[in-house]
Amino acid sequence: MVKYFLKRLGYVIITLFILSVSVFALIHITPGDPARIMLGQDASQEDVDALTEQLGLNDPLLKQYVDWVVDALHGDLGDSYSRKGAVVSEIGTALVPTIEISLLAQVFATIIALILGIIAAKRKGKMADSGIIAFAQLGISIPSFLLSLLLVLAFSISIKIFPVAGYKKIADVGIIEHFRYLILPVLSLALMQCAMLTRMTRASMIDVINMDYIKTAKAKGSTEKNILYKHALRNALIPILTAVGQSFATLLSGAAVVETVFNIPGVGQLIVSSVTKRDYPMIQGIVLVVSLIYIVINFVIDMLYGVIDPRIRITGKGK
Amino acid sequence: MRNLKTWKKLMAITMSVAMVATLAGCGGSKEPSKDAASDVTEGTSDAGGTADAGGGTTEVDMSNLKSTINVSYNAQPSTFDPHVTGATATAEIDRLVFEKLFEMDETGTPQPQLCESYTVDETNQNWEFKLREGVMFHNGEEMKADDVVASMNRWLAKSPIAAKAIQTNGEVFEKVDDYTVKLSLESPCLLLPYVIANFAQSAYIMPASVIEAAGDENISAEQLIGTSSLKFTEWAVDNYVRLDKFEDYVPFTEESSGNYGDRTVYFDTAMIYFVVDTTTRLNGAETGEYDISSTIAFSDVERLNNMEGVHMVTTSSNALTITMNKSEDSVLNDPKWRQAIMYALDLDEIMEGAYPTLGGYQAYTTNACYFDESSAWYVDVAQAVSQDQDKAKELLAELGYDGTPLVMMTTEAYQDMYNASLIMKQQLEEVGINVTLNVYDWGTMLTQLAQTDTYDLYPINYPNDNNPASVNYIRKTTASGFTNDAQLDAYMKEMMAKSTYEEAQTFWKETIMPYCVDTAQIVHLGDYDTVFAVSDKVSDFVPYFGLRLWGLKVSE
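Quick notes on the rules
Residues numbered from 1 in each chain as written. Chains lettered and ligands numbered in written order. Predicted model: local features only at pLDDT ≥ 70, side-chain atom pairs only at ≥ 80, totals over all residues. Heavy atoms only, no water. Helix = DSSP H or I, 4+ residues; strand = E, 2+ residues; numbered from the N terminus. Buried < 20%, exposed > 50% of the residue type's maximum accessible area, 1.4 Å probe, protein only. Contact = heavy atoms within 4.5 Å. Areas by Shrake-Rupley, 256 points an atom, 1.4 Å probe, with all protein chains shown as cover. Pairing = 2+ DSSP bridges. Buried area = accessible area lost by both parts, 1.4 Å probe. Salt bridge = Lys/Arg side-chain N within 4 Å of Asp/Glu carboxyl O. Nonpolar A, V, L, I, M, F, W, Y, C, P; charged D, E, K, R; others polar. Axes fitted to C-alpha atoms, helices over the stretch in contact; angles between N-to-C directions. Patch = residues over 30% accessible without salt bridge, like charges linked within 9 Å, V, L, I, M, F, W, Y side chains within 5 Å. Lys, Arg positive; Asp, Glu negative; His and termini not counted.

## Observations regarding the overall build of chain B
Point 1. In terms of regular secondary structure, chain B is built from 16 helices and 22 strands.
Point 2. For chain B, with 556 residues in total, the buried portion stands at 58%.
Point 3. Of the contacts made within chain B by residues no fewer than 6 positions apart, 74% connect residues no fewer than 24 positions apart.
Point 4. In the structure as shown, chain B presents an accessible area of about 21200 Å², 47% of it carried by carbon and sulfur atoms.

This is how it looks when you write it as structure tokens:
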């Protein structure tokens, strides 16, 4: 287990290194002068040059990168050019709403997807299965901005039961009102994830249901419920878990479109505005944090494999 | 199998009906309610309201008014430090918190706001400002000369506009006594009050202690301490700014005109939400989430006019121009070249392309003068700038044009600029001028401005301050065109030495503006509106260069 953990850690470090170098190089070769963008078009070139010097942008690229890495290893991702606050603090603030809506969306999507996927697999070829496939297809096909706007049209403007946009703190409006503002963005994110997970669950369950050990269980007289949930689902969970992990990590990296439509001050909006303003420390910081999130989630998923399938725990291999 | 096919057909029909029903809900007009003010209301910067519109210390019954008003705004500034940036988003929010020595009234004339009176000698070089006594900062301190000196000198040092407009050479504001400040200039500057009252990169007054604490850094949001009727309480980044009523605000007059005068507010809290998506801002107005939504897209005006409980308010506060690179790196350094371009263009067609007339609403006015018709500095120069393709071709022949393409920059970040550039390219090519159009994102385009060997011209919009003191593109060697015209400099200096505003205005109209047109310093295409969606529960909302929250009332 320790060997496994150390091996994974090694891969993590290499991945982060390659990623950080790539992003650093990409943002520095992209046209656009952060100092000029900060000062505006009428600032004198002397003022722009002075600010460029102050920001350390005249230093050799290698020095800039090394300085950033050394600081990052100490937990300091620098100060934002455009917001003046510490990058760590700004990202932390933006992560709160993003984590909130992502977590709610993922839980909702997973529960519904499991139920629908199991029903579809159980009733393969029947009307229920066709309906669920159609729902999944629609969910995957519809663009996120269109879905968001349709939800706003239906539930904010026509029926007027949910607010049109915004993120309100619990301390300001209370818990019920806080969540009332989150329902539509959560639904927008959840429906798309649910569609994808439903398909994955259905396919995985169908694979498993046709296995010999399921036939053996039926022959031995196990109840349908027992077969489905104790034998089939557990074996089908591995690929489903992978999909859940990946979709959650994707949500956490910020659904910029949904955040824009519903005006959620999350990571998605933050990365878009940082790129527009050439806020190098913020861009690098967000990429690093999001990468770490992906890595942690994948690591947790890997550990959960061992919980679900003891064979992985013992041998380090699957079936 | 037959059942499955039938089911599939049923599903397809059901989903089609659902989609059609949903899309049908998007359209349809509703009859405005009888109480809704569905007519367009002009802002004061256009036709002008009454001098005391939106202000006055007459007792107002606030028991039926909302305590918190909600506003959606289209952009979040990077900084709220007013001395370092000309960003409109910064200026519109800062002017709710701060005041200046002079503020523009609705006619575009600077009036003493934080100064009670002022004197200037006959050379227009030696100024003395008598400050109002008893003006309180939001931190409870009284505004005095030390604060004004610190603020004005910081503004002179930090703002690229200030120093160029005033033509300072190291002169600074100095304290005479606790309530008197002076400025002794080497060059005459009749329009100093105009420059001080300028909307962008504003000369706001803040405590000397705040400036000292900030040092060389920008003033942070926590340090925003002004004298206006609203104080800065909180900035939730990417979400909102909260402004609360300053209880110790006492207006010095009952008059309220433009940015000048009484700024009494009739609510306790203003929440200004940063909502970048225009549809979301409009949806929020429709559902009552926002009492006022700013910068509604012109394509949504028809929907806005059909909304129940919401009406449209407009103000003309921006202009679209073509800035031409007059540095040594561009052929447009030659006035003849710039004239050829000017004669090639049909301004009406460009403005219509940039701001299409939809639903009967025309959002622009074609106007070749640098200021709009409401300005005391306006002069009609349409005849001199009208399209004349033959004249353009004649000038090109005189120049011996060899077909080398002009390079035009543009950006899709601003649809009006992008559309204008497409039409301009077409019109220039009609007279034989080849054009290479380079499309950048906004950040790259800003960076390119300093690379004068990479472009010749570009469309861009400016806030319309309506007076020569605030116009970037006729000042020497700014990135707004790199103007470098000795005659123009001489004319501006002569204007600044005039004795009265009226003399200066006459000189501008008869000499400087015609010279600018003859030499095509820029091509001023026209002015366009900012559209607000305003709840019918809001009364006395009179925008002036954007949000102006004092004076308005919002019913429960």
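There is more to say, and it comes next.
## Section: the pairing of strand β5 (residues 115-120) of chain B
Remember that side chains alternate between the two faces of the sheet whenever the strand is regular.
Residue and element names in this part refer to chain B.
Point 1. Bridge analysis of β5 against strand β6 (residues 126-131) gives five bridges, and the strand direction is antiparallel. Bridge pairing links C115 to L131 in β6.
Point 2. In textbook terms, the turn of a hairpin is the stretch between consecutive antiparallel strands, and for β5 and β6 this stretch comprises five residues, one of which, N124, has a positive phi near 60 degrees.

## Brief notes about the interface of chain A and chain B
Point 1. Facing the 45 residues of chain A at the interface are 48 residues of chain B.
Point 2. Approximately 3800 Å² of surface area, both sides summed, lies buried where chain A meets chain B, with 55% of it carried by carbon and sulfur atoms.
Point 3. Linking B:E234 and A:K169 is a salt bridge whose minimum nitrogen-to-oxygen distance equals 2.9 Å.
Point 4. Counting only elements with at least two residues in the side of chain A that touches chain B, the list comes to α2 (34-39), α3 (45-54), α6 (127-141), α7 (144-158), α12 (256-261) and α13 (267-276) of chain A.
Point 5. Broken down by element, the residue count for the side of chain A that touches chain B peaks at six residues, all from α7(A).
Point 6. Class assignment of the residues belonging to the side of chain A that touches chain B gives a composition of 20 nonpolar, 13 polar and twelve charged.

## Considering unusual backbone geometry
All names here are of chain B.
Point 1. The phi dihedral of N124 falls on the positive side, at around 60 degrees, and the residue is not glycine.
Point 2. Considering the arrangement of structural elements, one finds N124 in the loop between β5 and β6.
Point 3. For N124, a relative accessible area of 3% puts it in the buried group.
Point 4. At D540, a residue that is not glycine, the phi angle is positive and equals roughly 60 degrees.
Point 5. Along the chain, D540 turns up in the loop between β21 (538-539) and β22 (553-554).

## Details of the environment of B:A285
Residue and element names in this part refer to chain B.
Point 1. Tracing the backbone shows A285 in helix α7 (residues 278-287).
Point 2. Classification of A285 as buried rests on a relative accessible area of 5%.
Point 3. Separated by 26 residues in sequence, A285 and H311 place their C-alpha atoms 9.5 Å apart.
Point 4. Not counting residues up to four positions away in its chain, the partners in contact with A285 are Y290, S293, V310 and A533.

## Quick look at the sheet that holds strand β7 (residues 173-177) of chain B
All names here are of chain B.
Point 1. Strand order in the open sheet made by the four strands is β5-β6-β8-β7, with antiparallel pairing throughout. The open sheet has two edge strands, β5 and β7, and neither has a second partner. Each adjacent strand pair in this sheet contributes to an overall mean axis angle of 25 degrees, direction not counted.
Point 2. Note: β7 against strand β8 (residues 180-184), four bridges, orientation antiparallel. Directly across from F173, in β8, lies its bridge partner L183.
Point 3. Helix α3 (residues 145-158) rests against β6, β7 and β8 of the sheet, and its axis sits at about 170 degrees to β7.

## A closer look at a nonpolar patch on the surface
All names here are of chain A.
Point 1. A contiguous nonpolar surface patch, about 480 Å² in accessible area, is contributed by I99, L103, V107, I111, I115 and I119.
Point 2. As for its placement among the helices and strands, I111 is situated in helix α5 (residues 87-122).
Point 3. Judged by its relative accessible area of 47%, I111 falls in the partly exposed class.

## Examining the side chain of B:K326
All names here are of chain B.
Point 1. Among the structural elements, K326 can be located in the loop between β15 (310-324) and α9 (335-344).
Point 2. Buried charge without a salt bridge: K326, with D485 as the nearest opposite-charge side chain at an N-O distance of 8.5 Å.
Point 3. With residues up to four places along the chain from it excluded, the contact list for K326 reads L332, N333, R338, Y473, G481, F482, T483, Q521 and I522.

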